Each structure stands twice: as C-alpha cells, then as structure tokens.
Amino acid sequence: MSAPQEPFDIAEMVFHHTGDAHQLDFAPFGTIQLPQWQPIHLGSLVIDLSPTRHVVFLMLAAVLAYTLLQIAANGIAKARREGRAPGGYAGMMEAFVVFVRNEIAIANIGKEMGPRYAPLIMAFFFFILMMNLLGLMPWGASPTGNLAVTAALAVMSFLVIEIGGMVKLGFKGYMGTIFPHIEGLHGPGAVVMTMAMAPIEILSKLVKPIALAIRLFGNMLAGHFVILSLFGIVFLFGSLGMWSYGIGAVTASVVLGVMFLELIVAFLQAYVFALLSAVFIGLMQHEH
Amino acid sequence: MMLPLLYATGEGGLPAPFSPTIGLFIWTFVVFLPFLWLLSKFVFPVIVKATADREAAIAKQLADADKTRADAAGYLAEQRELLAAARGEAQGIVAEARQAGDRERIAAIERTRTEQDELLARAKREIQGERERAISEIRREAVDLAIAAAGKVVGQRLDPAADRKLVEEYITTLRTGA
C-alpha cells in the first residue's frame, strides 16, 4: 500500500511560479541557486540586494531589449548608408520605435518638449514589453508581475513628471499645480479654496503613479494567475482516469486561448504605461 | 479565504508578489537607468536620425514633385494659350483671306461690269457716231445730188454754199415734221 497522496495545492503552485525566489527553476531539468548576500541595515530598514529570479529576468529583459534594438539600429544605419528604406526586422522595429516616439511621446507631450522625453517613453515601452513577454516563455518569469518593479517604474515616471514640470513651470508655476488659483474667486474665499484644494491636488499627483504601478502589476499577475489556475485544474482532476484526458484537452485549449490573450495584454500594458506616462508628463508641461 | 494568500510568502522566505521588497525596487533602478542611457546614446539617435533624414528626403521629393507639377501646369496653360492664340490668328488670317477674296471677286466683277459697260457705251457711241456720220454722208450725198439735179433743171450754176444751206434747212424741217 502506498502512502496517501497529498492533495494538490493550486495556491502553492500559483505562488511558486509568480513569486520571487533565490533560484531559477528549470523543472524538470533542475534549478540554479542564486547567491545570497548579507542584507544592508539602514536603521530599521533592511535592504536585501541579493539577486533573485525577478532581478535576473529584469536584467535579461534589459539586455534582450537593448540587443534587439541595437541590431535593428545597425540594420537601419546600414540601409541609410545604402540609400534605401530598411526592410524586414529592422523595418518592423523602426515602425515600433517611430510609433512610440511620434504617436505616444510627441503626440501627448508636444512637439517642443516631446522629443526630449521620447527616449524615456520608448525605454519604458520596450523594457516593460520585454519583461511582459518573458513571463510567457517556458521557465520564464515576468518581473512586471511584481509590485516592487512596477512601483519603481512608476516612481521614475512620477519623478520625471514632477521634476520636469518644476523645470518647465518654475518654482512658482509648479506650486500653482499644488495650490491652484480658482478663477473668479478673490480675497479670503480664494485663499480658503486654494488651501482646501491643495490636499486633493497632492493626492491626484500621488494617485497617478500608484495607478500606473497597480495597473501594470495587476494585469500581468492576473494573467499569470488565470493561466496557472487553469493548469491547476489538470492536476486537480488528474485522478479521474479517462475523464482526466478530456479535462486536460479542454483546459489546454482554454490555456492556449488565454496565452494568446496574454500576448496581446503584454503589448497593451506596455503601451498603456508608456502612453499614460506621456500623458501625465504632457499635462504637467502644459499646466498653467 | 483569499486573505491568507495575500500574505503568503514565496519560495525561500521571499514575500509573494503582493508584498514588494525594497531590494527589487532598487534593482529596477539599477537596471533601467543604464538601459535608458544606452538606448538614448547608441540606439534611438540612429533610428530617429535615419527616419528624420528619410522623412526630409521624402518631403523634398514631394516638394520637388509639387514644383514640377506646378511648372508642368504652367507650361500646359502657356501652351494652351499659345495654341488658342495661334488658332485665333489662323482663323483671323483665313477670315481676312476670305474677305480679301470676296473683295477681290466683287471688285473683279465690278471691274468687268464697268469695262463691259464702257465697251457697250463705246460701242453704242461708235455705232451712234457711225450712224450719224452715215446719215450726214447720205444727207450730203442727197444734198449734192439734189443740188446737182436742181442745177441740171435750172441750167445754171447755183451758189453751192447757199443752196446747201437751203436744202439742209428743208430736210431738217422734213425730219422734224415727220
């Protein structure tokens, strides 16, 4: 008699695949253990900079995105030297870059300041896209399914929005975005209204990056949860004999469909993050 | 039921995705900022410049094409004007030639008619002159014959001049009376 088999835990499986870890999992071939460093203590704050799975995929995404864009840039430069338009892969990547630059960055920030912020918006787009796509690869992980990564990107976006606004509007102009002057109000009423609006304005500034971080994180994680949960059904009903094959086939078909959906979501969420960052930068640049 | 999941920890004691770590937060900056710098330095300028150059070249070609088209339209209008002018001139020449021909024909007819009339008048005048001369001749012959006859009858020589005058007056009265 064999020992009773432990019931399959979908939650454990889902968190195992979506959570961060100090190892790279290449099941069934094995795992690679990542080094663990001593955490840094800054007062009560403990900072562990040990590389994790998400750090590795973060770096991999950056290296892959840079390499692919550099190859495209080389192809474009070669085509330019030969006096022709780039074709194939270089042409496709050029279309992506030009779309993000013109239709997202410059269209929302403006012709004057748009080109200055375009590299940041383009870097956001390609970095996030690559991280999203890596989560769909076998043995892959999506760092954008981790709130720390999306929060860091949102903080960068927030800093660019606010510092860029301060540089453009000047200190007085920037303070006007926190303490707004209400048109038509004068005297003590205007002061009271301005002071009353200040918390709302500060809150609206903070909500933007929070929304950016939560939206990207939520969308990417939810997709992985759906896929992994559907996979979990296969294991849950694995003991049903012949029925399990039918359930497996149906589940695999649904998972395939969701994977296609996730592919679209990967592009869409990169686009949304880049677009909203550009819109927020543009709004601040044109604030009066 | 979901609450324990939200606080569950990942593998190796690491928190699940809902509880972010400061280390990964910092790593994101460490990875993204050099990525942004490298792209801004080596990749995007190449792509943007190539695109801008191509856009400029296309814009120039379009401008050239517009200019050429405008020139062609100008030349076409000019050619049309010249053609219309040439056609008008040709029509003028034809009309003038036709008028000249008509004038010449009318003049020729007129001249012919005049000459004809002149010839007719002259012929009439000549006929009239001839007839008058013939009549005068006949009359003189008749007078001479009458005088000669009268001389024979009278038997003496008469004054030819006075007789002639007398006979002629008589003949005139005869013609008038007739």
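About the cut-offs
Residues numbered from 1 in each chain as written. Chains lettered and ligands numbered in written order. Predicted model: local features only at pLDDT ≥ 70, side-chain atom pairs only at ≥ 80, totals over all residues. Heavy atoms only, no water. Helix = DSSP H or I, 4+ residues; strand = E, 2+ residues; numbered from the N terminus. Areas by Shrake-Rupley, 256 points an atom, 1.4 Å probe, with all protein chains shown as cover. Contact = heavy atoms within 4.5 Å. Buried area = accessible area lost by both parts, 1.4 Å probe. Salt bridge = Lys/Arg side-chain N within 4 Å of Asp/Glu carboxyl O. Nonpolar A, V, L, I, M, F, W, Y, C, P; charged D, E, K, R; others polar. Buried < 20%, exposed > 50% of the residue type's maximum accessible area, 1.4 Å probe, protein only. 1 Å grid on protein atoms, 1.4 Å probe; cavity = no way out; pocket = protein on both sides within 12 Å on 5 of 7 lines; lining within 4 Å. Points joined across faces, edges and corners; volume = space filled by probe spheres on them. Phe/Tyr/Trp six-rings, centres within 6.5 Å; stacked < 30°, edge-to-face > 60°. Core = buried A, V, L, I, M, F, W, Y, C linked by side-chain atoms within 4.5 Å. Axes fitted to C-alpha atoms, helices over the stretch in contact; angles between N-to-C directions. Parallel < 35°, antiparallel > 145°, perpendicular 65-115°, else oblique.

## Notes on the overall build of chain B
Within chain B, the secondary structure is distributed over three helices and zero strands. Its helices and strands in sequence order give chain B the pattern α-α-α, from N to C terminus. Carbon together with sulfur atoms contributes 63% to the accessible area of chain B, which is approximately 13400 Å² in total.

## Here's the deal with the interface of chain A and chain B
Of the residues lining the interface, 56 residues belong to chain A; the matching set on chain B comes to 38 residues. Across the interface of chain A and chain B, roughly 4100 Å² is buried in total on both sides, 81% from carbon and sulfur atoms. Of all residues in chain A, Phe 15, Tyr 66 and Arg 80 of chain A give up the largest surface area on contact with chain B, accounting jointly for 15% of the area buried on that side. Counting across the interface, chain A meets chain B through two salt bridges. Between Arg 54 of chain B and Glu 94 of chain A there is a salt bridge, and its shortest N-O distance comes to 2.4 Å. The element best represented in the side of chain A that touches chain B is helix H2 (residues 53-81) of chain A, accounting for 13 residues. The class makeup of the residues in the side of chain A that touches chain B is 39 nonpolar, 12 polar and five charged.

## A closer look at the side chain of Ser 157 of chain A
In this fold, Ser 157 of chain A is placed in helix H5 (residues 147-178). Ser 157 of chain A gets classed as buried once you look at its relative accessible area, which sits at 1%.

## Some details on empty space enclosed by the protein
Left-over empty space is what a probe sized like a water molecule reveals as it rolls over the atoms. Residues and elements named next belong to chain A. Under the definition given, this model contains two cavities of 30 Å³ or more. Within this model, the second largest cavity holds a volume of roughly 30 Å³. Lining the second largest cavity we find Leu 212, Arg 215, Leu 216, Gln 269, Val 272, Phe 273 and Leu 276. Of all the secondary structure elements, the ones that give two or more residues to the lining of the second largest cavity are helix H6 (187-236) and helix H7 (242-285). The element best represented in the lining of the second largest cavity is H7, accounting for four residues. Per-class residue counts for the lining of the second largest cavity are five nonpolar, one polar and one charged.

## Remarks on the pattern of salt bridges
Summed over the entire model, instances satisfying the criterion amount to 14 salt bridges over all chains. Among the salt bridges present, the one from Arg 80 of chain A reaches Asp 53 of chain B, with a minimum N-O distance of 2.5 Å. In this pair, Arg 80 of chain A is assigned in helix H2 and Asp 53 of chain B in helix H2 (residues 22-154), connecting two distinct chains. On the basis of relative accessibility, which here comes to 40%, the residue Arg 80 of chain A falls in the partly exposed class. For Arg 69 of chain B, the salt bridge is made with Asp 66 of chain B, and the minimal N-O distance between the two is 3.3 Å. Taken together, the positions of Arg 69 of chain B and Asp 66 of chain B, both in helix H2 and three residues apart, correspond to about one turn of that helix. Judged by its relative accessible area of 58%, Arg 69 of chain B falls in the exposed class. Given a relative accessible area of 41%, Asp 66 of chain B falls into the partly exposed group. In the salt-bridge network here, residues are joined through shared partners; they are Lys 78, Glu 82 and Arg 84 of chain A.

## Re the packing of aromatic side chains
For any pair of aromatic rings, the description consists of the separation of the ring centres together with the inter-plane angle of the planes. Counted according to the given criterion, the structure contains 14 aromatic pairs over all chains. A connected cluster of aromatic rings, assembled from ring pairs, spans Phe 124, Phe 127 and Phe 273 of chain A together with Phe 32 and Phe 35 of chain B.

## Some words on the nonpolar core
With 76 residues, the main nonpolar core has Ile 121, Phe 127 and Leu 153 of chain A together with Phe 32 and Phe 35 of chain B as its most contacted residues. Where this core is concerned, the elements lending two or more residues are H2, helix H3 (88-109), helix H4 (114-134), H5, H6 and H7 of chain A together with H2 of chain B. The element best represented in this core is H4 of chain A, accounting for 16 residues. With residues up to four places along the chain from it excluded, the contact list for Phe 127 of chain A reads Leu 58, Ala 61, Ala 62 and Leu 153 of chain A together with Val 31, Phe 32 and Phe 35 of chain B.

## A few points about unusual backbone geometry
The amide bond that connects Ala 27 of chain A to the next residue, Pro 28 of chain A, takes the cis arrangement and shows omega of 5°. Structurally, Pro 28 of chain A is set in the loop between strand S1 (23-25) and strand S2 (31-33).

## Re the layout of surface pockets
Residues and elements named next belong to chain A. Of the pockets and cavities examined, the largest pocket occupies roughly 580 Å³. If you go around the largest pocket, you meet 25 residues; those closest to its centre are His 17, Met 137, Trp 139, Gly 140 and Leu 228. Listing elements by their share of the lining of the largest pocket, those giving two or more residues are helix H1 (10-18), H2, H6 and H7. Here the residues of the lining of the largest pocket sort into 14 nonpolar, nine polar and two charged.

## Thoughts on the packing of H5 of chain A against H7 of chain A
Residues and elements named next belong to chain A. Between H5 and H7, the least distance of the axes is 8 Å, while the angle of their chain directions is 10°. In this view, H5 runs roughly parallel relative to H7, as classed from their interaxial angle. Along the contact surface, H5 presents Leu 153, Ala 154, Ser 157, Val 160, Ile 161, Glu 162, Gly 164, Gly 165, Lys 168, Leu 169, Tyr 174 and Thr 177, while H7 presents Phe 273, Ser 277, Phe 280, Ile 281, Met 284 and Gln 285. In terms of residue class, the contact of H5 with H7 is made up of 10 nonpolar, six polar and two charged.

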